[in-house]
Amino acid sequence: MSDYVSMWKDLGMDLERHDLLCQVLPTAVGDVFLTQENRPKGMDFWDLVISEVHGIRPKELIEEQKKGRKVFGTFCVYVPDEVILAANGIVTGLCGGSQFWVPGGEAVLPKSTCPLIKASVGARLGRTCPFFRIADMYVGETTCDGKKKAYEILGEDVPMYIMDVPQMKREKDILKWKDEIAAFARKVEEFTGNAITVEKLNEAIRIVNEKRKALARVYNCRKAACLPISGRDALLMMQISFFDDPVRCAQMCNKLADELEQRIAGGVSVVPAGTKRILVTGTPLAVPNWKLHNIIETSGGAVVCFENCSGIKAACQMVDEQAEDILSAIAARYLEIGCAVLSPNRRRREHLKRLIEEFHVDGVVEVDLQSCTTYGVETYEIQALLRELGVPYMALETDYAQGDCGQLSTRLGAFIERL
Ligand code: BJ8
C-alpha cells in the first residue's frame with residue numbers, strides 16, 4: 001500500500017502508527033482468506049480491495065470530493081443511504097473492527113465499553129483510518145448508550161449529525177421516524193448544496209435496492225446443500241459493501257452470484273459433505289473482525305448464514321419502489337430492522353426462525369461483543385426461541401483481541417461435534 005503514502009500524509013494521518021497497522025493486515029488476510037482451498041474466482045475482487053483497504057477506496061473518495069461530492073461516514077444500518085445518494089452524496093461505513101484501535105479508545109472511554117465503539121473512537125483519535133479523515137460529515141444515531149455518547153467525542157472537530165432512532169416500533173414511532181428522515185434529508189440538501197427531488201430519491205432507492213438484491217443473491221446461494229462459498233468470504237463481501245460504490249458493489253456481487261450458481265449446478269462445494277451448518281447471530285462484525293467465522297470454519301463447521309447487521313439482516317429488506325409516499329416507505333423499511341436496541345424486538349426472532357429453515361441450519365452460535373448490554377440481555381429470548389425450535393444454540397461473548405481464540409476454538413469445536 002506504499003503508493004498511497006502521500007495521500008495519507010495529505011489526510012493528516014499518523015504515518016508511523018499507520019505503518020504498524022499496515023504490517024498486521026496482510027498476515028491476517030493471508031491466514032483467514034488465502035489459506036482456504038477452492039475459493040470462487042470472483043473473490044479476487046474482494047481480496048484486492050481488502051489488501052489495499054486504506055488505499056483504493058479512499059483514493060476514489062478523494063477524487064469524488066474534488067468534483068464537489070460530499071462523503072458521509074455512518075455507523076449504523078438505520079441511517080438511510082438513499083437520502084444521501086439522492087443528494088449526490090457518498091456513504092462510507094466507519095465502524096471500527098480492529099483490536100489495533102482499541103487502546104486508543106480505552107484512553108478516553110471506560111474500559112468496559114464495547115470494542116466496536118472503542119475501536120471507532122481509537123481509529124478517529126489516533127488518525128490511523130483514512131475513512132475517518134475523509135468523511136465530510138459523520139452521521140450518528142441514538143441507538144445504544146455507548147455509541148450515543150461516543151458521538152459527542154467523535155463530533156468534536158467534524159460536522160456530526162445525529163438521527164433520533166425511536167426506541168419502539170409503534171405507529172407513532174414510524175411517523176416520528178419519517179419526520180426524522182425528512183429532517184435528515186433537509187440537512188443533507190443543505191450540506192451538499194443539492195436538492196433532493198422525487199426523481200432522484202426514486203433513483204437512489206432503486207440503486208440501493210439493486211445492491212441489496214445482489215448481496216442477497218450471493219447469500220441465497222448458501223441455502224444449497226452444496227456450499228459454493230465459505231462464510232468467511234461471504235462476510236468479507238458484506239463488510240466491504242459498507243464502503244464500496246453501490247452500483248459497482250451490485251455488479252461484482254451479481255458476477256459472484258453467477259459463478260456460485262454455476263458451482264451449485266456443478267456440485268462444487270468448499271466443504272466436505274456433512275459439514276455442520278452454522279448460523280451466526282448477535283452483534284455486528286466490522287471489518288477486519290473475522291475472528292468467529294474463522295474459528296468456526298477451522299473447527300469443522302461452515303457458517304451458512306450470518307444474521308447480524310453485517311450479514312443478511314439489513315440486506316434482505318427492500319424499500320417499496322411503488323410506494324406513493326416515499327418517505328413513509330423508507331421509514332417503514334428501516335424500522336423493520338430487528339436490532340436489540342429497540343424494544344420489543346420481535347422482528348429478530350421471526351427472522352431467525354425463517355433463516356434457520358431456509359438455510360438448513362444445524363446449530364446457532366450467538367456472538368456478542370463484550371459490554372453490549374442490549375444484545376447480551378436478548379440472549380435470554382433467543383435461547384428460549386431455539387429451545388422451542390429444538391435447534392442447538394450456544395452464546396459467546398468476546399472482543400477483538402486474539403487472547404481467547406484457543407478457548408473459543410475448544411468450545412466451538414465441542415459444540416459442532418455434538419451437532
Ligand atoms: S441496527 S446492531 S448497526 S445499532 S455499538 S449495539 S455492539 S454496544 S452496533 Fe448496531 Fe445499528 Fe443495531 Fe445494527 Fe452493542 Fe456495541 Fe452498541 Fe453495537
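Residues numbered from 1 in each chain as written. Predicted model: local features only at pLDDT ≥ 70, side-chain atom pairs only at ≥ 80, totals over all residues. Heavy atoms only, no water.

Digging into the packing of helix α11 (residues 198–220) against helix α15 (residues 326–335)
Operational definition: Axis lines are fitted through C-alpha atoms, for helices just across the contact stretch, and the angle between N-to-C directions can take any value from 0 to 180 degrees. Strands are runs of DSSP state E lasting at least 2 residues, helices are runs of H or I lasting at least 4, and numbering of each runs from the N terminus. Any angle from 65 to 115 degrees is called roughly perpendicular, while one under 35 is roughly parallel, one over 145 is roughly antiparallel, and all others are oblique. Crossing handedness is read from the near helix: turned anticlockwise from the far helix by less than a right angle, it gives a left-handed crossing, and turned clockwise, a right-handed one. For this analysis, residues touch if any pair of their heavy atoms sits within 4.5 Å. All residues other than Ala, Val, Leu, Ile, Met, Phe, Trp, Tyr, Cys, Pro, Asp, Glu, Lys and Arg, Gly among them, are scored as polar; the first ten of these are nonpolar and the last four charged.
Here α11 crosses α15 at 25 degrees, and the two axes come no closer than 11 Å. Relative to α15, the element α11 is oriented roughly parallel. In this structure, α11 crosses over α15, and the sense of that crossing is left-handed. Residues Val198, Leu201, Asn202, Ile205 and Arg212 of α11 form the contact with α15, whose participating residues are Ile326, Leu327, Ile330, Arg333 and Tyr334. Along the lines of polarity and charge, the residues of the contact of α11 with α15 split into seven nonpolar, one polar and two charged.

Here's the deal with the site of the ligand
Stated formally: Distances are taken per atom, and a residue is near a molecule or strand as soon as one of its heavy atoms is within 4 Å of it.
Residues in close proximity to the ligand total 14 residues, the closest being Cys76, Cys144, Cys309, Cys339 and Cys372. The residue inventory of the shell around the ligand, partitioned by class, reads 11 nonpolar, two polar and one charged.

Examining the packing of helix α16 (residues 346–358) against helix α17 (residues 373–389)
Viewed as axis vectors pointing N to C, α16 and α17 meet at an angle of 45 degrees, and their least axial separation amounts to 11 Å. With respect to α17, the axis of α16 lies oblique. The chirality of how α16 crosses α17 is right-handed. Here Arg348, Arg349, Leu352, Lys353 and Ile356 of α16 lie close against α17, whose contacting residues are Tyr375, Glu378, Glu381, Ile382, Leu385, Leu386 and Leu389. The class makeup of the residues in the contact of α16 with α17 is seven nonpolar, no polar and five charged.

With respect to the sheet that holds strand β5 (residues 276–282)
The strands making up a sheet associate through hydrogen bonds between their backbones, and the pairing can be parallel or antiparallel. How we decide: Think of it this way: DSSP has to see at least two bridges between two strands before they count as a pair.
If you trace the four strands from one edge of the open sheet to the other, you get β6-β5-β7-β8, paired in parallel fashion. The sheet terminates laterally at β6 (301–306) and β8 (393–398), the two strands that pair on one side only. Taking each pair of neighbouring strands and ignoring which way they run, the sheet shows an average axis angle of 30 degrees. As paired elements, strand β7 (residues 363–369) and β8 share six bridges and run parallel to each other.

A look at unusual backbone geometry
Here is the rule: Throughout this description, buried means an accessible area under 20% of the type-specific maximum (1.4 Å probe, protein chains only), exposed means over 50%, and partly exposed covers the range between.
Following valine 287, the chain continues to proline 288 via a peptide bond in cis, the omega torsion being 5 degrees. A positive phi angle, close to 60 degrees, is found at asparagine 38, a residue other than glycine. Given a relative accessible area of 41%, asparagine 38 falls into the partly exposed group. Of note in the backbone geometry, histidine 360 takes a positive phi value of approximately 50 degrees without being a glycine. With respect to the secondary-structure elements, histidine 360 resides in the loop between α16 and β7.

Thoughts on the nonpolar core
Going by this rule: In plain words, nonpolar cores are sets of buried Ala, Val, Leu, Ile, Met, Phe, Trp, Tyr and Cys residues tied together by side-chain atoms within 4.5 Å.
Within the largest apolar cluster, 102 residues are counted, with the highest numbers of intra-cluster contacts made by Trp46, Trp290, Ile296 and Val365. If one sorts the elements of this core by residue count, helix α13 (residues 246–266) sits on top with seven residues. With residues up to four places along the chain from it excluded, the contact list for tryptophan 290 reads Leu25, Ala28, Val29, Val32, Phe33, Ile50, Leu235, Leu236 and Gln239. Core analysis: the second largest hydrophobic core is formed by 43 residues, Ala86, Val188, Val208 and Leu342 among them.

Here's the deal with the pattern of salt bridges
In plain terms, the rule: Salt bridge criterion: a side-chain nitrogen from Lys or Arg within 4 Å of a carboxyl oxygen from Asp or Glu.
All told, the structure shown has 34 salt bridges when counted by the stated rule. One salt bridge connects glutamate 358 with lysine 223, and the closest N-O pair in it is separated by 3.2 Å. Within this pair, whereas glutamate 358 is found in helix α16, its partner lysine 223 is found in the loop between α11 and α12 (231–241), the two being separated by 135 residues in sequence. The exposure class of glutamate 358 is partly exposed, given its relative accessible area of 28%. Since its relative accessible area comes to 24%, lysine 223 is described here as partly exposed. Of the charged contacts in the structure, one is a salt bridge between aspartate 244 and arginine 248, with a shortest N-O distance of 2.5 Å.

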